[in-house]
Structures are given as structure tokens and as C-alpha cells.
Amino acid sequence: MIDRFIEELRTNACVVHGPMEIAVARGVIVERARAAGARAACNGDVPLPALVQDLRHAGLDVCTADEGGWSTRLAGADTGITGARIAVADPAAIGLAAAPGSPRATSLVPHTHLCVLRVTDVVPTLADAFAQVVAHGLPSALTWISGPSRTGDLEMILTLGVHGPRTVEVVLLA
Amino acid sequence: MSGHRITTPGRDFQERSARAVADPQLQHALRNLDRRLRTAEEVAAAHPEWKERAAAIRRETLADLDGWLLRLERALADRGMHVHRAETADDARDIVLDIARAHGARTVVKGKSMATEEIDLGTALEAAGMRAIETDLGEYIVQLAGERPSHMITPAIHKTLPQIRDVLAHEAGHELPVDREALTAWARDRLRIEFLRADLGITGVNFAAADTGTLVLVTNEGNGRYCTTLPRVHIAVMPVEKVVPRLADVAVLLPLLTGHATGQRLSNYVTMLSGPRGAGEVDGPDELHVVFLDNRRRVLLGTKFEDMLACIRCGACLNVCPVYRHVSGHAYDAVYSGPMGKVLTPLLSGGAEGADLPFGSSLCRACNDACPVQIPLADMIVHLRAGTATARRARPAWQAWSRAWASPRSYRATTALARLGARFVPRRLLRGWTATRDLPMPARVPFRTRWDREHS
Amino acid sequence: MTARIALFVTCVADQLFPDTGIATVRVLESAGARVEFPEAQTCCGQPAYTAGAPDAAARLARHHLDVFAPYDAIVTPSGSCAAMVRLHFAELVPDRRDEVAALAARTFELSEYLVDVLGVDDVGARVEVPVTIHDACHGLRGLRVADAPRTLLRRAGATIVEMTEADTCCGFGGVFSLGYPEVSTRLADAKLEHARATETRWLVSTDLACLMHLDARRKRTREPGPQPVHLADLLASGLPK
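Below: a short report on this structure. Fair warning: this is a prediction, and the values are worked out from it, not measured in the lab.

Criteria and cut-off values
Residue positions are given per chain, counted from 1 along the sequence in the order it is written. Numbering of ligands from 1 and lettering of chains from A proceed in the order in which they are written. Where local features are concerned, this predicted model is filtered to residues with pLDDT of at least 70; where side-chain atom pairs are given and counted, the filter is 80 or more; whole-chain, interface and lining totals use all residues. Here a helix means four or more residues in a row that DSSP labels H or I, a strand means two or more in a row labelled E, and each is numbered from the N terminus. We call two residues in contact when their backbone-placed C-beta atoms lie within 7 Å. Only the C-alpha atoms count toward the radius of gyration. The rule for a globule is 2.2 Å times the residue count to the power 0.38. Exposure is read from a count of other C-beta atoms within 10 Å of each residue's own; the residue is exposed at 12 or fewer, buried at 20 or more and partly exposed in between. C-beta atoms are placed from the backbone. Think of it as three bins: nonpolar holds Ala, Val, Leu, Ile, Met, Phe, Trp, Tyr, Cys and Pro, charged holds Asp, Glu, Lys and Arg, and polar takes everything else, Gly as well. Note: two strands are recorded as paired if DSSP finds a minimum of 2 bridges between them. Each nonpolar core reported here comprises buried Ala, Val, Leu, Ile, Met, Phe, Trp, Tyr and Cys residues connected via C-beta atoms within 7 Å. Angles run from 0 to 180 degrees between N-to-C directions of axes, and those axes are lines fitted to C-alpha atoms, restricted for helices to the stretch in contact.

**Side note on the overall build of chain C**
Move 1: When you go through chain C residue by residue, the secondary structure sums to 13 helices and eight strands.
Move 2: With the C-alpha coordinates of chain C rotated into their principal frame, the extents come out at 50 × 45 × 25 Å.
Move 3: Taking the contacts inside chain C whose residues are at least 6 apart along the sequence as the reference set, 78% of them involve residues at least 24 apart.

Shown next, in the form of C-alpha cells:
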């Protein structure tokens, strides 16, 4: 199930890392964020301890939703880093829940979206996923993402990165 | 409708479609549809059983539409959303304008939505002094060109890349290259400014789950996410038939919609909204309004056109229709085009608009087969023909013909006469056929005479 | 008691293409069927039905029902006319529901009857030529007949070269061809182009209306390409004399 999830995300033009241990993942996130640019926005739901400190230690300018000037700083961020509440294997999608500390726009505004996901949060089908999110309480906004922003509006040829991120990288935690 | 330039002129569908097939640029652009045809067919063919399940869900909904709407209304209200019921397009426009004015809205960003096209909301907002900006790339191009979408999934399918460049360069006020990436980047930067300053976001709704009070929006570009995330107020215009009983039903309908619309197993973004911004959240609208739009839909319940309300606006019938594939959306001169538009346009206008559309079909039934929720579109097209003034005028002639041919003796007599007369029929009466095709002539000896000779 | 098989020749074959009617009988007979021709038959009413005159169509549907009720099988060289009976008579003659259902269950397009009902794949014809097939809309999507004509042709020795979009409409559509000549003709041209690309000798179909349309266009343009022909005519041409 995880294999087909990864394969389909890649077909959808996502970059997938892992599954890997938390210690390794911390390094990968820092490295990927730095590769995308100096400024990052980070949601509170990322399941990695002390990630914000890691990023700042590495010299990145990091903003979080509980600090002042969030929306302005987000608009200037190169990377948005988020967790995911759940993911579906078939069809492949990650499900991001809006919450205090985890705004909706983090996965929308920056050019690069890094998402950290536990493999244990991947469920087989949409039906399974919907049942689970209903059981845990629906957030104000739940966004399912299956790849980088795209359009077919120009002569029906796929073009990536229209309004949302052009790059989506998923880091899987074992 | 006001506010749109008619891009394929002509007084009726026949004249406009004739012009469309003679337009080489349009014909060139439309060849791009063939790609979608194949991918969508592959996805649909992979899960034939989905259609049955989806059709059953839609029929269950329509069997008690008012009941499900009531449940949805309560569930949305319980989650802090405001529900408004609009009987007509006028009502819906007034509701939206009232909300917009109450918030002093000046810039409105719109997501792609057939319902807001149907009520011509953009024009109403502009007339009220607001800037209403279409933010789906295709819709934005069409809006800048002063046109109307020609395809419900791919609004600018009628335009070639150089034509799109011209439209965007005109807006930019400087040269732009004929390059997809560059044009997309320019539009992205331009529209981002609008997203950041917008006071109001307006979208449609793809599905609304009555059990949980959840609005489901299907998008690919991310503009729909902006419209529902940054502005302080979000208004979702929801045609009444978008309700589904349970969120679990969406798990069935969603992949079917995206598979038939674009060949995707799931659209790039699926947004599920179950309320305005929550306590402690930093983005999302303060207010979320849902406008239930009837506009002559509920009167179809219990009629032979009820099934049309099962439509999930995937565009599959457009993509497979041989007529649509050669004439494109503007020839229909209506919000909805293709086979579903031929049915919906006369129905939603009470027969006032598009009465001729049902006649512009070869009844090949490709639409029936393509429809993910099994709407018998070709049969509805025939039924709609019967209700038109054109059919009423022709009825005495058909009655006379059928009386004659219900008797074998007069069948023989009339066909004998036709055999004699066929060579003398003035060609101008058959110009529709003979301008491009030779005229087949009746055989000198009909089959039945030859049968008699051999068997007597 | 032997089964009574009726030929439903259709008004189009009767008046315009009687040879195809004769060929249909020959093919059926070579498959071992004994065919009757109910002389009271006229037209199934489809032209009136699709023109939006259901009352006129219903009158002919009733007549058709009366004429063919006594037969065990009703076979026609037109998928479209068979589809008219099977799909639309119930709506036109609601007061004779059972009779309509019984008639619909016994009405067959020629290739469908041979292959699916009689179980005859090989009618004894030899047609060792390259052919391409146009799947006529109502046979394909109304009756779900797609394999039967291919089976018959293959067994007769024909080489089938499938064209692009064999299942797309030829643009005839009855009154559509008169009311929308530009679009109708464009569709015919697309079909003929696809057929031409197969470089075959015959463009085979199971509906005379489509064939009439394509042939009429082909005669006007004088473009090369495979000759439109009804399946029955082609098979009959390869039967022993």
C-alpha cells in the first residue's frame, strides 16, 4: 500500500523521501528547505521535535503562525513546511487539517511545499480516510493534495505551479 | 446575457456551428480535446462498477431532494455557516450583492463555477461597482478577452497558445512570449496581487454532504484554495442538486468526477470546508455563506427530466460529443454547452433559450455512454425536441405521413409516387443535403416487389 | 414446429437499397435460417420519433407491433431500426407493455442474430480482402453490438484493419444531416479520412443510413478510400453462387 502511494505521488510530480527515521528526517527537511531558499514558514503540526530550532540553527529565516506578522512573512517565504493529519494510498493524496498554529495557506502560498507524514497515517482508500476524519472531528478546512499545483488550460498541456506550489515534497516517517 | 461578447456569431445554433467548423484556428485548438478523451476513457473503463454506485447515490438524493437540503441546511448552520435560499437567479445575485455591500467589498476573487456563470454574477458585481476577478487561469483568459467559457472544465479550450499570449500581453501592457511557463508565471504573479487584496471570495460547490455539513470543492490550480482562505468573507453558490446524503458518498463520486473530467484519479486539490475560520486559526474566512440556488431545478423533480439533476458537471459528454468536438462551446451561445447544455439550457430557461439546441444532435448516444451517473442525455434531447414550436409546426405533416404508412397499401402507393417523383424534386428543397453530398435515388424496383417475384 | 423468422427489411432498404435486403436473406439462409417477409411491414417510425413527433411515431410502432407479433425472431439489416424497437417502443406504446417487451426481446440486428442467437460465426462466405469497420452508433451503443460483425468478417477470411475512432458518429443523424449540413459533412469527412488511412478495400457497417451518408459524401468529393458497403452485401458477395 505504501509503495503504491509513493509511486502515485511520484506520477503526480511529487518528490517523495523515505520512509525514514525521525533523526534522518530532521536533516532531510533542513536540507530541502535550504535548497528552496532562505525563508521558511512552518506549521505547528509537523511531527518532528524541535524542527524550528533545527532550521534556525541552519541559518534559515523561519516564521510560525503564533508569531506576529505571519501573513506578510508567509507571502515572502520560499518554503511552507506542514504535517498532515492523514493520507490516502488509492488515489494518493495527503490530507492537511486547518488548526490553530497550522494555517491553510502554508501549503498554498510558498513555491515549495514540504510535508512530513507518518507512514502509519496512510489509509487505503478515500472511504477509509473520510470515515476516520469524521470520527476524529472535521476541521474547518481539510485540504487533500495529490501534487504540485497544475493547469491544463493552455491547449490542454500540463503546466505546473499556477497559483499553488510548483514543488511538493513528501517526507515519510517510518 | 449581458457582459459577454458573442464570439461565434449567428442567429441560431445551426448558423453558429457552421461558422465554427469553418474556423481553422478553432479547429486547430479543438484537436487538443482528443487527448482528454483518451485519458478520461481509460480511467472510466478501469472501474465500470463505480457508475452504478454513483448513479444510485444521485437517484437516492433526488428522490428526497428537499429532505436532504433541509438536513444540509441544519448541518451547515450547526457548523457556523450562513445558509441562504435563492429561488431565482435574481434572488441569488441580490443575496450575494447584499453580503458584498454589507462588508464594503471592493475586490472580489472568483473560483471557477458554472453556477455563478449561470446567474451571470460577475456582471452583477461589476455593475454594483466592484471588481470581480476570475482566478482560474482559463476563466481569467476568457474574462480578459470579454468572452464566455467554452468548456466547463477547460474554459479557454477554443484558444490557441498564440491567441492566449495576445490576450495576456494586452492586459500586461508589454510583450509576453508564446511560452506556457512564462505566461503561467505572469498570470500567477498578477493574480496573487488580487488574492492578497480581495475582500470577498466566491466559489461554487462540487458536493455538499448533508450528514456532516461539509462543502467539497475540486480544483487543480489552487485558486479555489486562495478564494476560500485569504478573503474575510467566502460565499459559496451551490445549485440545490449538489447535495449528497453522506460524506461517504463523496468518496464514490469524487474520483468519478475527476476521472471523467480530466482523466485524473483525483483532482490536485480537494478542499473540504466544514465551517468558517475556527477559534485560534489565523486564516480562513470570518464568515462563510452558502447560497442554495434553485433557478428552475426543483420543478424538474418528478418529470422525465428529473435525472438531469444528477449531473455532476464533469464535462465527459462534451468531450465525447462529435458535434461539440467540432463546434466548441461558443456555438451553443449558452452557459452550458455540449449534450448536457442542449438539455439544461432549455430546461433552466423554461424553454425561452436554446430551443433549437436539441435539434443540433446526431443522437449518436456517445453522451449516454460517457455519463458517469448514467443520465440518458440523447433520449432527453429527443423528448425536448417534441416540446418545441418547430416540432409542433411539423406535427401535421408527420401525422399525415404516419397515417399513410400505417397502411401497407398506401405505403406502396406513396413510395411508388416517390420513385417516380424523386428525379423531379427541386434540388433547392434538398439543399441541406445536396450542397455537400450526392443525392441517393430510390431503386427502380423496391425490395418487396423483388421478394414477390421470387416467392410467388 | 420450426421457428418463424421474419425479415424486417426497413423502409430504407426496401426503397433505396433492395440489394441489401436480398443479401440479408441470402446470408440468413446460408446460416440455415428460413426467412419470411411479412408484406404488411412499412417503417418503425424512427424518423417521426427523432423529429419530435412521438404521436406519429407511435402509430407506426403499433402497426409494426401488429405485423411482427406472430414471429419468433425478427431480423433486420439495420442496427438503428432494431434499436428503435428495443429502446423506444415501450415509451411510445405504453398500453401494450408486455407485447412490446416480447417483441423487443425477439428483434435482432443481422450480425447479432447470426453470431449471438444462432451461434453461426461462419456463414460460408469467402471474402479474403482487407476491410475496415464503422461501428454504427445505434448498433453499438443502442444494442451493444461490436464483436459480431468482426467475428463474421474474420471467419469469412477478411483482414480487419481498425480505423481511428471506429465508434464515432458518421454525422448522419437523420434530420440532423439536413438541418446541420456543415457539421454533418465535417463528421463524414473525418470518418472517411480515418477509413482512408487504413488502406483497405471496403468500409463495412451494419447500418444503411450511415453507409448512404458516407457514400453520398464520397461520390461528391471523389476522394479515394474504401468503398462503403453493408456487411450483408459483402458477405453475400462471397457466398457460393
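After that view, the rundown keeps rolling.
**Points about the overall build of chain B**
Move 1: Scanning chain B for helices and strands turns up 22 helices and ten strands.
Move 2: The C-alpha atoms of chain B give 25 Å as radius of gyration, which agrees with the globular expectation for 456 residues (23 Å, within 12%).
Move 3: Across its three principal axes, chain B shows a C-alpha extent of roughly 95 × 55 × 40 Å.
Move 4: Here chain B holds 456 residues, and 54% of them are scored as buried.
Move 5: The contacts in chain B between residues at least 6 apart in sequence include a share of 73% that link residues at least 24 apart.

**Focus on the interface of chain B and chain A**
For an interface, size is often stated in terms of accessible area lost upon the parts coming together.
Move 1: Facing the 54 residues of chain B at the interface are 40 residues of chain A.
Move 2: Of all elements in the fold, only helix 3 (33–46), helix 9 (137–144), helix 10 (161–172), helix 11 (180–197), helix 12 (223–229), helix 13 (247–262) and strand 9 (269–273) of chain B reach the threshold of two or more residues within the side of chain B that touches chain A.
Move 3: The class makeup of the residues in the side of chain B that touches chain A is 24 nonpolar, 19 polar and eleven charged.
Move 4: Inspection of the sheet shows strand 9 (residues 141–145) of chain A paired to strand 9 of chain B by five bridges, in the antiparallel sense. Across the sheet, residue Thr143 of chain A finds its bridge partner in strand 9 of chain B, namely Thr271 of chain B.

**Looking at the nonpolar core**
Move 1: Counting 281 residues, the largest nonpolar core has Val108 and Val291 of chain B together with Leu235 of chain C as the members making the most contacts within it.
Move 2: Sequence-distant contacts of Val108 of chain B, that is, excluding residues within four places in its chain, are made with Ala100, Leu125, Met130, Arg131, Ala132, Ile133, Ala198, Leu200 and Ile202 of chain B.

**So, the interface of chain C and chain B**
Move 1: Each partner contributes residues to the interface: chain C has 51 residues there, and chain B has 50 residues.
Move 2: Contributions of two or more residues to the side of chain C that touches chain B are made by helix 1 (11–15), helix 2 (18–30), helix 3 (46–51), helix 4 (54–68), helix 8 (137–143), helix 10 (175–179), helix 11 (181–196) and helix 12 (208–221) of chain C.

**Considerations on the sheet that holds strand 10 (residues 287–293) of chain B**
All names here are of chain B.
Move 1: With parallel pairing, six strands are arranged side by side in an open sheet as 1-10-7-4-2-3. The open sheet has two edge strands, strand 1 (82–86) and strand 3 (131–134), and neither has a second partner. Averaged over all pairs of adjacent strands, the angle between strand axes in this sheet comes to 20°, irrespective of strand direction.
Move 2: Pairing between strand 2 (residues 107–110) and strand 4 (residues 200–203): three bridges, direction parallel. What sits directly across from Val109, in strand 4, is Gly201.

**A look at the environment of Arg188 of chain B**
Move 1: Relative to the helices and strands, Arg188 of chain B resides in helix 11.
Move 2: On the neighbour-count criterion, Arg188 of chain B (20 C-beta atoms within 10 Å) is buried.
Move 3: Along the primary structure Arg188 of chain B and Gly350 of chain B are separated by 162 residues, whereas in three dimensions their C-alpha atoms are 40 Å apart.
Move 4: Residues within four places of Arg188 of chain B in sequence aside, it is in contact with Val162 and His163 of chain A.

Purely geometric numbers; function is a separate question.
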